[in-house]
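# Fold and contact review
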Amino acid sequence: MELFVRKDSVVREIWGNADVILFIFAGASAEFALNKAVDWLYYTGKLPADPLGRLFSTVEYARLIVFSNKKDATAAIDKITAIHQALEKSRDSKIPDWAYRDVLFMLIDYSIRSFELLARTLTYSEKQEVFEVFLKVGQGMNLIGLPQNFNSWIEMRDSHLENDLQKSEFTIDLFKQYKKHLGFIRYKILLESQILVLPDGVKHKLNYGNHSWLKFILLVYKFSKFLSLDKFLRYLILPSKYFKQIEELNMHQKIKSKVLIKI
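Because the structure is predicted, anything quoted here is derived from the model rather than measured. (Residues numbered from 1 in each chain as written. Predicted model: local features only at pLDDT ≥ 70, side-chain atom pairs only at ≥ 80, totals over all residues. Heavy atoms only, no water.)

## Things to note about the packing of helix 8 (residues 124-140) against helix 9 (residues 150-163)
- Look at helix 8 against helix 9: their axes get within 10 Å of each other, and the N-to-C directions meet at 70 degrees. The orientation of helix 8 relative to helix 9 falls into the category roughly perpendicular. Together, Tyr124, Lys127, Gln128 and Phe131 of helix 8 and Phe150, Asn151 and Trp153 of helix 9 make up the contact between the two elements. (Axes fitted to C-alpha atoms, helices over the stretch in contact; angles between N-to-C directions. Helix = DSSP H or I, 4+ residues; strand = E, 2+ residues; numbered from the N terminus. Parallel < 35°, antiparallel > 145°, perpendicular 65-115°, else oblique. Contact = heavy atoms within 4.5 Å.)

## Considering the packing of helix 10 (residues 169-182) against helix 11 (residues 184-197)
- At a minimum axis distance of 6 Å, the contact between helix 10 and helix 11 shows a crossing angle of 130 degrees. By the angle between their axes, helix 10 is oblique relative to helix 11. As helix 10 packs across helix 11, the resulting crossing turns out to be right-handed. Contact residues: helix 10 offers Phe175, Tyr178, Lys179 and Leu182, while helix 11 offers Phe184, Arg186, Tyr187, Leu190, Leu191 and Gln194. (Left-handed = near helix turned anticlockwise from the far one by under 90°.)

## Re unusual backbone geometry
- Its identity is not glycine, yet Asn142 carries a phi of approximately 60 degrees, on the positive side.
- Mapped onto the elements, Asn142 comes out in the loop between helix 8 and helix 9.
- With a relative accessible area of 63%, Asn142 lands in the exposed category. (Buried < 20%, exposed > 50% of the residue type's maximum accessible area, 1.4 Å probe, protein only.)

## What to know about a nonpolar patch on the surface
- On the surface, Trp213, Phe216, Ile217, Leu219 and Val220 cluster together into a nonpolar patch covering about 530 Å² of accessible area.
- Tracing the backbone shows Phe216 in helix 13 (residues 214-224).
- What makes Phe216 exposed here is its relative accessible area of 56%. (Patch = residues over 30% accessible without salt bridge, like charges linked within 9 Å, V, L, I, M, F, W, Y side chains within 5 Å. Areas by Shrake-Rupley, 256 points an atom, 1.4 Å probe, with all protein chains shown as cover. Salt bridge = Lys/Arg side-chain N within 4 Å of Asp/Glu carboxyl O.)

Next up, the structure:
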């Protein structure tokens, strides 16, 4: 059966690495908080009640789509669309088109940034490949105003970062919820992780500096893989209730022939 993303794609390499996904998660957690449409995520009450779970859900959907066959990926995309349509109907309003694009652009950007932070520099063609995979996701959701090539995406991404993000009462509250659910130490690690992966414009809006002590920790973290300590350090970052989900982030490496998902 035809795969949504071919087996030798760099996108599978990116989204098959639990460490990389955790940094994608870190970047997304900051940008979600700044997005001018974050009130939509507060509408149901699910985001402030379980901000880590809500973000994990977004990341998990993306990961499942990447490792699914085309039929199952399409079904997952349709379900995402249906969930948002139900929310719009409940609120009797429409989520702005730019808000949909923002989330898509975020996944593209942090896929590239996180992989380059932890692994290696991507070639231009590999970055294009990341863009093209998530462009297919956006097209599957029937989003309008999508860029047609990687260079156009860069321009639109810069524009979105400039115009669609602002620090608000939702931003402040959401970071309070992160701290509450993570605890003081893990919350500080989250902030330091964000410094390493966020674009400069986002860091500026959050009043972040450019230097993080986590850079040294990352050197230890990378070396720990040779000592089989990476799992321990991974668990150190997130609460125990997410241990199973963290372990499943690397699950695809054990699957040789196909990926089965439950939607």
